[in-house]
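So the chains spell out like this:
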2 protein chains.
Amino acid sequence: MKRYRDLAPSLRTIMTPGPVEVDPRVLRAMSFPILGQFDPEFTDIMNETMDMLKELFQTNNRWAFPIDGTSRSGIEAVLTSLIEPGDRVLVPIFGRFGHLLVEISERCGAEVITMEQEWGTVFEPEAIVERIRETQPNLVAIVHGETSTGRIQPLAGIGKACRELDALLVVDAVATIGGTEVRTDEWMLDAVIGGTQKCLSVPAGMAPITYNERAEAKVLKRKRIERGLRDPAAAGTAEVAAIRSNYFDLSQLQDYWSSARLNHHTEATSMLYALREGLRLVLEEGLTERFDRHLYHEQALVAGIEAMGLRLFGEASCKLPVVTCILIPDGVDGESVRGMLLQEFGIEIASSFGPLKGKIWRVGTMGFSCNKKNVLLTLGALEAVLIRHSFQVNAGKAVQAALDMYGRDVR
Amino acid sequence: MKRYRDLAPSLRTIMTPGPVEVDPRVLRAMSFPILGQFDPEFTDIMNETMDMLKELFQTNNRWAFPIDGTSRSGIEAVLTSLIEPGDRVLVPIFGRFGHLLVEISERCGAEVITMEQEWGTVFEPEAIVERIRETQPNLVAIVHGETSTGRIQPLAGIGKACRELDALLVVDAVATIGGTEVRTDEWMLDAVIGGTQKCLSVPAGMAPITYNERAEAKVLKRKRIERGLRDPAAAGTAEVAAIRSNYFDLSQLQDYWSSARLNHHTEATSMLYALREGLRLVLEEGLTERFDRHLYHEQALVAGIEAMGLRLFGEASCKLPVVTCILIPDGVDGESVRGMLLQEFGIEIASSFGPLKGKIWRVGTMGFSCNKKNVLLTLGALEAVLIRHSFQVNAGKAVQAALDMYGRDVR
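All residue numbers refer to positions counted from 1 along the written sequence of the respective chain. As they are written, the chains are lettered A onward and the ligands numbered 1 onward, keeping that order. Selection of residues for local features in this predicted model requires a pLDDT of at least 70, selection of side-chain atom pairs for listing and counting requires 80 or more, and totals for whole chains, interfaces and linings are taken over all residues. Think of the side-chain values as coming from all heavy atoms in the structure, minus any hydrogens and water.

**Observations concerning the overall build of chain A**
Then step 1. Secondary structure summary: chain A contains 13 helices and 13 strands in total.
Then step 2. Each of the three principal axes of chain A carries a C-alpha extent, and together these read 75 × 55 × 50 Å.
Then step 3. For chain A, buried positions account for 67% of its 411 residues.
Then step 4. Only heavy atoms matter for contacts: two residues are in contact if any of them lie within 4.5 Å across the pair. Across chain A, the fraction of contacts at a sequence separation of at least 24, relative to all contacts at a separation of at least 6, is 73%.
Then step 5. Throughout, the Shrake-Rupley method with a 1.4 Å probe supplies accessible areas, and for residues the shown protein chains are the sole cover considered. When the accessible surface of chain A is summed, it comes to about 14100 Å², and 49% of that surface belongs to carbon and sulfur atoms.
Then step 6. Only four residue types enter the charge count: Lys and Arg as positive, Asp and Glu as negative, with His and the chain ends excluded. Charged groups are reduced to one reference atom each: NZ for lysine, CZ for arginine, CG for aspartic acid, CD for glutamic acid. Distance from the positive charge centre (45 side chains) to the negative charge centre (54 side chains) of chain A: 4 Å. Secondary structure elements are taken from DSSP: a helix is a run of H or I of four residues or more, a strand is a run of E of two residues or more, and numbering for both begins at the N terminus. Any residue under 20% of the maximum accessible area for its type is buried, any over 50% is exposed, and the rest in between are partly exposed; the area is computed with a 1.4 Å probe on protein chains only.

**Notes on the domain arrangement of chain A**
Residue and element names in this part refer to chain A.
Then step 1. Domain start and stop positions are those given by an automatic or database domain assignment. Segmentation of chain A into domains returns domain 1 (22-282) and domain 2 (287-410).
Then step 2. Taking the mean C-alpha position of each, domain 1 and domain 2 sit 31 Å from one another.
Then step 3. In this assembly, 31 residues from domain 1 lie in contact with 25 residues from domain 2.
Then step 4. Only one rule defines a salt bridge in this text: a Lys or Arg side-chain nitrogen within 4 Å of an Asp or Glu carboxyl oxygen. For the pair domain 1 and domain 2, the number of links is zero salt bridges.
Then step 5. By the criterion applied in these results, polar contacts are pairs of N or O atoms within 3.5 Å in which, for protein atoms, one can donate a hydrogen and the other can accept it, and in which residues neighboring in sequence qualify only through two side-chain atoms. Viewed at the interface, domain 2 and domain 1 are joined by 10 residue pairs in polar contact (both at pLDDT 80 or more).
Then step 6. Only α2 (40-57), α4 (96-107), β6 (145-146) and β7 (151-152) provide two or more residues apiece to the side of domain 1 that touches domain 2.
Then step 7. Considered class by class, the residues forming the side of domain 1 that touches domain 2 number 11 nonpolar, 13 polar and seven charged. Polar here means any residue other than Ala, Val, Leu, Ile, Met, Phe, Trp, Tyr, Cys and Pro, which are nonpolar, and Asp, Glu, Lys and Arg, which are charged; Gly is therefore polar.

**What about the UniProt feature "binding site: substrate" (unreviewed entry) in chain A?**
Residue and element names in this part refer to chain A.
Then step 1. UniProt positions are given in the numbering used here, feature names are shortened, and annotations may be inferred rather than shown by experiment. Here the UniProt feature "binding site: substrate" (unreviewed entry) sits at R362.
Then step 2. Mapped onto the elements, R362 comes out in strand β13 (residues 360-364).
Then step 3. Excluding residues within four positions of it along the chain, R362 makes contact with M15, P17, T147, S148, V323, T324, C325, I349, A350, S351, S352 and F353.

**Looking at the nonpolar core**
Side chains of nonpolar character tend, in soluble globular proteins, to be buried together.
Then step 1. F65(A), L79(A), F65(B) and L79(B) are the most contacted members of the largest nonpolar core, which has 196 residues in total.
Then step 2. Ignoring any residue separated from it by four or fewer positions in sequence, one finds L79(A) in contact with L101(A), I104(A), S105(A), C108(A), L139(A), A141(A) and V170(A). Residues enter a nonpolar core if they are buried and are Ala, Val, Leu, Ile, Met, Phe, Trp, Tyr or Cys, with the set joined through side-chain atoms within 4.5 Å.

**A word on the confidence of the model for chain A**
All names here are of chain A.
Then step 1. Think of pLDDT as the predictor's per-residue confidence, scored from 0 to 100. Averaged over every residue, the pLDDT of chain A is 95; the share at 70 or more is 95%.
Then step 2. Low pLDDT, under 50, characterises residues 235-240; the predicted model gives this stretch four contacts beyond four residues in sequence or across chains.
Then step 3. Overall fold confidence for the complex sits at a pTM of 0.96, while the interface term, ipTM, reaches 0.95.

**Brief notes about the side chain of R224(B)**
Then step 1. Its place among the elements puts R224(B) in the loop between α7 (213-221) and α8 (250-257).
Then step 2. Within the structure, the side chain of R224(B) is placed 3.5 Å from the side chain of E106(A), a separation counted as a polar contact.

**Re the relation of the copies chain B and chain A**
Then step 1. The superposition of copies rests on a least-squares fit of C-alpha positions from residues with pLDDT of 70 or more in both. In screw terms, the move from chain B to chain A is a rotation of 180° and a rise of 0.0 Å along the axis, fitting with an RMSD of 0.0 Å. The superposition operator between the copies reduces to a two-fold rotation axis. Looking at the rotation axis and the C-alpha trace of chain B, the residue lying nearest is G69(B), at 2.3 Å.
Then step 2. Here 100% of the interface residues in chain B have copies in chain A that are interface residues too; the copies meet face to matching face.

**Quick look at the interface of chain B and chain A**
Frequently, the measure chosen for interface size is the accessible area removed from exposure when the parts meet.
Then step 1. Counting residues at the interface gives 87 residues for chain B and 89 residues for chain A.
Then step 2. Two parts lose some accessible area (1.4 Å probe) when they are put together, and adding that loss for both gives the buried area. Each partner contributes to the roughly 8000 Å² buried at the junction of chain B and chain A, and carbon and sulfur atoms together form 53% of this total.
Then step 3. On the surface where chain B and chain A come into contact, there are 14 salt bridges.
Then step 4. A salt bridge links R280(B) to D6(A); its shortest N-O distance comes to 2.9 Å.
Then step 5. Taken together, the links from chain B to chain A amount to 40 residue pairs in polar contact (both at pLDDT 80 or more).
Then step 6. Residue assignment for the side of chain B that touches chain A shows that the elements contributing at least two residues are α1 (24-30), α2 (40-57), α3 (71-82), α4 (96-107) and α9 (269-285) of chain B.
Then step 7. In terms of residue count, the dominant contributor to the side of chain B that touches chain A is α9(B) (nine residues).

**Points about the sheet that holds strand β8 (residues 168-173) of chain B**
All names here are of chain B.
Then step 1. Strands qualify as paired when DSSP identifies two bridges or more between them. Taken in spatial order, the seven strands make up an open sheet running β2-β10-β9-β8-β5-β3-β4, and their pairing is mixed. Of all the strands in the sheet, just β2 (63-67) and β4 (111-116) have a single pairing partner and so form its edges. Adjacent strand axes in the sheet meet at a mean angle of 20°, parallel and antiparallel pairs treated alike.
Then step 2. Relative to β4, strand β3 (residues 88-93) runs parallel, the two sharing six bridges. Residue pairing for β4: V89 is matched across the bridge by V112.
Then step 3. Angles shown run from 0 to 180 degrees and are taken between the N-to-C directions of axes, each axis being a line fitted to C-alpha atoms and, for helices, limited to the stretch in contact. The strands touched by α2 are β2, β9 (191-194) and β10 (207-211); relative to β2, the strand with the most contacts, the crossing angle is about 105°.
Then step 4. Packing of α3 onto the sheet brings it into contact with β2, β5 (139-143), β8, β9 and β10, and relative to β9 it is tilted by some 160°.

**Points about unusual backbone geometry**
All names here are of chain A.
Then step 1. Going from G18 to P19, the amide bond is cis rather than trans, its omega being 0°.
Then step 2. Secondary-structure assignment places P19 in the loop between β1 (13-14) and α1 (24-30).
Then step 3. One non-glycine residue, D166, lies in positive phi territory at about 60°.
Then step 4. As for its placement among the helices and strands, D166 is situated in the loop between α6 (158-164) and β8 (168-173).
Then step 5. A positive phi is found at S390, a non-glycine position, where the angle reads about 60°.
Then step 6. Relative to the helices and strands, S390 is located in the loop between α12 (372-388) and α13 (397-410).

**Quick word on the UniProt feature "modified residue: N6-(pyridoxal phosphate)lysine" (unreviewed entry) in chain A**
Residue and element names in this part refer to chain A.
Then step 1. In this numbering, the UniProt entry assigns the feature "modified residue: N6-(pyridoxal phosphate)lysine" (unreviewed entry) to K198.
Then step 2. Position of K198 among the secondary structure elements: in the loop between β9 (191-194) and β10 (207-211).
Then step 3. Note on K198: relative accessible area 9%, which makes it buried.
Then step 4. For K198, the residues in contact, after removing those within four places along its chain, are P17, G18, V20, T147, V174, A175, M366 and G367.

**Structural notes on the packing of α2(A) against helix α9 (residues 269-285) of chain A**
A pair of packed helices can be characterised by two numbers: the angle between their axes and the separation between those axes.
Residues and elements named next belong to chain A.
Then step 1. The interhelical angle for the contact between α2 and α9, taken along N-to-C directions, is 40°, at an axis separation of 10 Å. By the angle between their directions, the pair α2 and α9 is classed as oblique. As α2 runs across α9, the sense of the crossing is left-handed. Residues F42, I45, M46, E48, T49, M52, L53, E55 and L56 of α2 touch α9, and the partners they reach there are T269, L272, Y273, L275, R276, L279, R280, V282 and L283.
Then step 2. In terms of residue class, the contact of α2 with α9 is built from 12 nonpolar, two polar and four charged. Here the angle decides the label: under 35 degrees means roughly parallel, over 145 means roughly antiparallel, 65 to 115 means roughly perpendicular, and every other value means oblique. For any pair of crossing helices, the crossing counts as left-handed if the nearer helix is rotated counterclockwise from the farther one by less than a right angle, and right-handed if it is rotated clockwise.

What follows is the structure, encoded as structure tokens:
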């Protein structure tokens, strides 16, 4: 037999837009022995997690629970449960993850209508509202924080327009949840998908979602109890618009997460322990305090980047506070810089996708990774690596600029 | 803010057909700090895990990797990638999880043909082969170990018939993988889905799968590169039979797991650490030795159950070695017995589904939970609880019978 070595991952400073470093309390939570899925102690943990998710999503919705899969599993669960084949779906696109919403909606059988903004900008909400009025979609799906370009889309007003026209508004808040405001109820969002491995700083593997009664009504219309569990007399009803996925069927999932506890999958125990602990950390810190912390370290990072002589990518007014996109200077090999950062300093930053591949670096300041030590280490290391790549930095300025920012509070 | 208490799950003896207890080495693996998804150290771990999975599945297939979701996510990934709408799918049903295969296949748009055996029995392989010849399906989907009834379906001969008729054979080995033989190549299985939370004793949240070139050919026929990643000039090709799910699209997943590393989801880091460690434990023990251990403790459990005066459910010749189904005696409230076992002894056993609900208990002897201590404690506790429920047991006999079985090797 081939021998496999002991697991011994290196300790990294992870400054990407996810996955990011995980709080030791969350890591510890995953190391607890597991409970059975219908053990009353475990179902209590499920219920507590739902309550905490409602606080995170700033909602009074009845339903808020994780999908057992990575972030895009949450997006697919919501879209496949809410889109009936033939439904008209409007997707405003301003980066890679808008295209993902199109991709998933198309696979759900939707007639997809798109509108596009240049990568690095976002939409005026009024432009989206106008297009909603014009196209009368059944559902609007939009990204809140677009990590591929580092932009954040203002959502105010879109929800109201959707309600007036009886459309559902689905928001991909994978990158923003826990890092900046996501006001589900106030903004009239019908379904929201969050991510764990970004601002919540829980490992990838779960996707928290929430949805309101408007979304639930659509789901229940398509409800079908699983064969082998349902009363045979009830078989054959409501087959017409059945949800195309069993794993992602919200009507079944909400029964599993309700007091009925109708068996569906086996809940991912250790990941749920992790999510619960990550949510406890968020709520202990406080949402406002947490969002302020993200802004605070972003400002220090940006000050350092600019002092170094680098330029930011994209429209400043819609910069996503948890991701900073840096233009790779002419003549510098972006991948070589990233490689040296990782190999020599153990620091990971990200590249980007599509039209921005090779053009920008992306630095995340998310969750547990969003701290002074990480910002200062990253600036110092990036300067050293750029000097090694013969780029003329303003040597010594970056870390000082960040320290100046921090100094305002320290002194 | 509402205060949430520290996570402090009770220690349980979990003797259900999953999820079962997790080896402390696996729990520890999940507590390691995470790596980024494209960190070379992490992609090495991905590659090692694929190699280990090939040993587990006893296959030389190129593809063996986990789906990021619970077991049924693996089933759905395979079926949704292999079934084109309109395909004819044959599902032999002998318990609840056969119905799940029908459920998922129907949602994939298949024309499903079923054949049913009474719960507690299995099919003669020849009967399945005959039905395959008769119905000429595109795909046959069958459960190997049916936990709802505690039966194991012999698979020999079915694969050969499928090849002769150009049908794909998909096997749900969620309950059997790592606990009893699953010979992917020798039995000519085209795709196999394993479970983590049963005989592998890794928490729920991943579903290892493998598939061969025959299955891959069907997947590649339907391949479509994700919008936002694909060359725009290639857009619009092969839209006809596109896979209906993005998350479960094996053609995209295999690109992510290949050296191309084409970005799809963010791999579930900590769960992958857990799976890798669980697989290491399996391979260190040895497959044959592990299967023998499962048989050994099953025999002791069965000896104890029978000595106590209880009767087993189902046809003995096809008993699943890792699940023992016990008929609940007349006049005994099965749920009350289960509740007392959990509350007073911290031991969890399972009930069943559908026609067997309230009729049988199910005791798992799976993976890390499959050990002498657990078998002896369970027998002793069950006896005590049954006496408390006024059932006339042969007092004192059960544990002695198990000790006698163990004694053969001990002395």
